Amino acid sequence: MSSVRETIENKEVGLIDILDVILDKGVALKADLVISIAGVDLVYLDLRLLIASVESLVQAQQGNHKEVSSEQFDKEREGLIHATGQPSKW
Amino acid sequence: MDHLIYLYGLIPTKEIASQPLPSLKDFEGSGELYTMEIGSITAVVCRLDADKYSEDQIKERINNDMEWLQEKAFHHHETVMQLAKIFTVIPLKFCTLYKSEESLKDTVQSNESKMTEAFEAIAGKEEWNLKIYCDDKQLKEQVSQNNPAIEEKRKEISELPRGKQFFEKKKLDKLVDSELEKEKNRVSEDIHAHLTEFALKGHVKRTWSSEVTGRKEEMTWNSVYLIKKSDVESFLEQVQQYEAKMEEAGWKFEASGPWPAYHFSSFA
């Protein structure tokens, strides 16, 4: 029987969890190039859209014929920004 | 060709002396990582073409090229994870870049004593994350049914004329919501206090909205713990017991780890 630890250890970690630590909490040592990220939340939200768009793309390929154009992608993104009250920063 | 130095993590030199660095792919996927010994500290780095990775180019990609960010974020994390499996590692932030090996050396040298302290604080320990989610609808019913103040209010309202009932019901909904939040926090804080007994340190993080998580349950709690390796199993068993006890009532527990000590090796 595997231990609780092994079961959890083998679970896949989400991208959001990774970004939360490497963009936000990784040790900030003084560097020559400083890459500051405006809002980790905004990055997350954008990523969720990416994931959603990949999902619908897969559906489209599976015969669902729901085409995902870049215009639609942008529109969805705008809609989400609007819905969350986040200013457009990109 | 000019190049930049990408720093992944810092390792005590004495550890890498007894165990060599495994073969790990670099940021571009075509070369390999190498180490730079800087006194008692060893940096794990790779080279990047300076023309392709200016500050502006990287910012542009982080903001506009999500696929790139996804790929590189995984790369950074997986690399640091590999290191953390073998060594005591201070994990660096994504895209920590130096213009030369000299410049990186200077930075490490001027922080050496703080880094040594950080190594001591995290050696033989692991970082674990716990997220607690709640089915608000289910919990709301429980709160609404088991809270005498709410029950009383409901009875009062039912005796009012219809027109007045509407506004009083709105007020009651608000009362239920705030009682629910209080209850969720109280329960989560108790759990956190109990779990912290199994850890050396505990740290509460902010929760994410359901838009970010994409889940139907609300994230109620998000915390990280620095735990002695030998105590991890008991810590996780505690989490499992909570899960078994509270799942039916609408609570979900998600532990993840071990993480490199992202939250516990800062020396600012």
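What counts, and at which threshold
Residues numbered from 1 in each chain as written. Chains lettered and ligands numbered in written order. Predicted model: local features only at pLDDT ≥ 70, side-chain atom pairs only at ≥ 80, totals over all residues. Heavy atoms only, no water. UniProt positions renumbered as here; feature names shortened; annotations may be inferred. Pairing = 2+ DSSP bridges. Helix = DSSP H or I, 4+ residues; strand = E, 2+ residues; numbered from the N terminus. Axes fitted to C-alpha atoms, helices over the stretch in contact; angles between N-to-C directions. Parallel < 35°, antiparallel > 145°, perpendicular 65-115°, else oblique. Contact = heavy atoms within 4.5 Å. Core = buried A, V, L, I, M, F, W, Y, C linked by side-chain atoms within 4.5 Å. Buried < 20%, exposed > 50% of the residue type's maximum accessible area, 1.4 Å probe, protein only. pLDDT = per-residue confidence, 0-100. Buried area = accessible area lost by both parts, 1.4 Å probe. Salt bridge = Lys/Arg side-chain N within 4 Å of Asp/Glu carboxyl O. Nonpolar A, V, L, I, M, F, W, Y, C, P; charged D, E, K, R; others polar. Domains from an automatic or database assignment. Arc of directions from axis to C-beta.

In the nomenclature of an unreviewed UniProt entry, chain A corresponds to Gas vesicle protein gvpS from the organism Bacillus thermotolerans. UniProt's Sequence similarities (unreviewed entry) comment on chain A is quoted here verbatim: "Belongs to the gas vesicle GvpA family." Under Subcellular location (unreviewed entry), UniProt gives the following word-for-word description of chain A: "Gas vesicle".

Draft legend 1. Layout of the sheet that holds strand E9 (residues 251-259) of chain B. Residues and elements named next belong to chain B. Spatially, the four strands line up as an open sheet ordered E7-E8-E6-E9, and their pairing is antiparallel. Only two strands of the sheet have a single neighbouring strand rather than two, namely strand E7 (201-205) and E9. Strand after strand, the sheet turns through a mean of 20° between neighbouring axes, direction not considered. Alignment of E7 against strand E8 (residues 218-228), held across five bridges, turns out to be antiparallel. Within E8, the residue paired with Gly202 across the bridge is Tyr225.

Draft legend 2. The packing of helix H7 (residues 148-158) of chain B against helix H8 (residues 162-196) of chain B, seen in detail. Residue and element names in this part refer to chain B. Interaxial distance between H7 and H8 falls to 10 Å at its minimum, and their mutual angle equals 175°. The orientation of H7 relative to H8 falls into the category roughly antiparallel. Taking contact as the criterion, the partners of Ile150, Lys153, Arg154, Ile157 and Ser158 in H7 are, on H8, Gln165, Glu168, Lys169, Leu172, Leu175, Val176 and Glu179.

Draft legend 3. Broad picture of the nonpolar core. One finds Ile22 of chain A together with Tyr6, Phe27, Ile58, Trp68 and Phe94 of chain B to be the most contacted residues of the largest nonpolar core, which totals 35 residues. Of all elements in the fold, only helix H2 (15-22) of chain A together with strand E1 (3-12), strand E3 (41-49), helix H2 (55-64) and helix H3 (66-86) of chain B reach the threshold of two or more residues within this core. Element by element, the count of residues in this core is highest for H3 of chain B, at six residues. Beyond its immediate chain neighbours, meaning those up to four positions away, Trp68 of chain B contacts Phe27, Tyr53, Ile58, Arg61, Ile62 and Phe94 of chain B. Judged by nonpolar contacts, the second largest core, of 29 residues, contains Trp128, Leu195, Ile227 and Val239 of chain B.

Draft legend 4. Expanded view of the confidence of the model for chain A. Here chain A shows a mean pLDDT of 67. Residues at 70 or above account for 37%. Per-residue pLDDT, averaged within each element of chain A, yields its smallest value for helix H4 (residues 70-84) of chain A (59) and its largest for helix H1 (residues 4-9) of chain A (85).

Draft legend 5. Spotlight on the packing of helix H6 (residues 136-146) of chain B against H8 of chain B. Residues and elements named next belong to chain B. At a closest axis distance of 9 Å, the pairing of H6 and H8 adopts a crossing angle of 105°. Considering the angle they form, H6 stands roughly perpendicular to H8. Judged by residue contacts, Asp136, Leu139, Lys140, Val143 and Ser144 of H6 engage Val176, Asp177, Glu179, Leu180, Glu181, Glu183 and Lys184 from H8.

Draft legend 6. Highlighting the interface of chain A and chain B. In this assembly, 39 residues from chain A lie in contact with 59 residues from chain B. In this assembly, chain A packs against chain B so that about 4400 Å² is buried in total across both faces, 67% of it on carbon and sulfur atoms. Of all residues in chain A, the largest losses of buried area upon contact with chain B belong to Val27, Leu29 and Leu33 of chain A, amounting jointly to 17% of the total for that side. Run the count over chain A and chain B and you get three salt bridges. Linking Lys205 of chain B and Asp20 of chain A is a salt bridge whose minimum nitrogen-to-oxygen distance equals 2.6 Å. Classifying every residue of the side of chain A that touches chain B by side-chain character gives 24 nonpolar, four polar and 11 charged.

Draft legend 7. Fine view of the domain arrangement of chain B. Split by domain assignment, chain B resolves into domain 1 (3-123) and domain 2 (126-259). When each unit is reduced to the centre of its C-alpha atoms, the spacing between domain 1 of chain B and domain 2 of chain B is 38 Å.

Draft legend 8. Here's a closer look at the side chain of Glu168 of chain B. Within the fold, Glu168 of chain B resides in helix H8. Classification of Glu168 of chain B as buried rests on a relative accessible area of 18%.

Draft legend 9. Structural detail: helix H4 (residues 101-110) of chain B. Residue and element names in this part refer to chain B. What H4 keeps buried is the set Ser103, Leu104, Thr107 and Val108. Projected down its long axis, H4 carries its buried residues within an arc of 130°, all on one side. In this fold, the buried residues of H4 make contact with E1, strand E2 (34-38), E3, strand E5 (97-98) and helix H5 (112-122).

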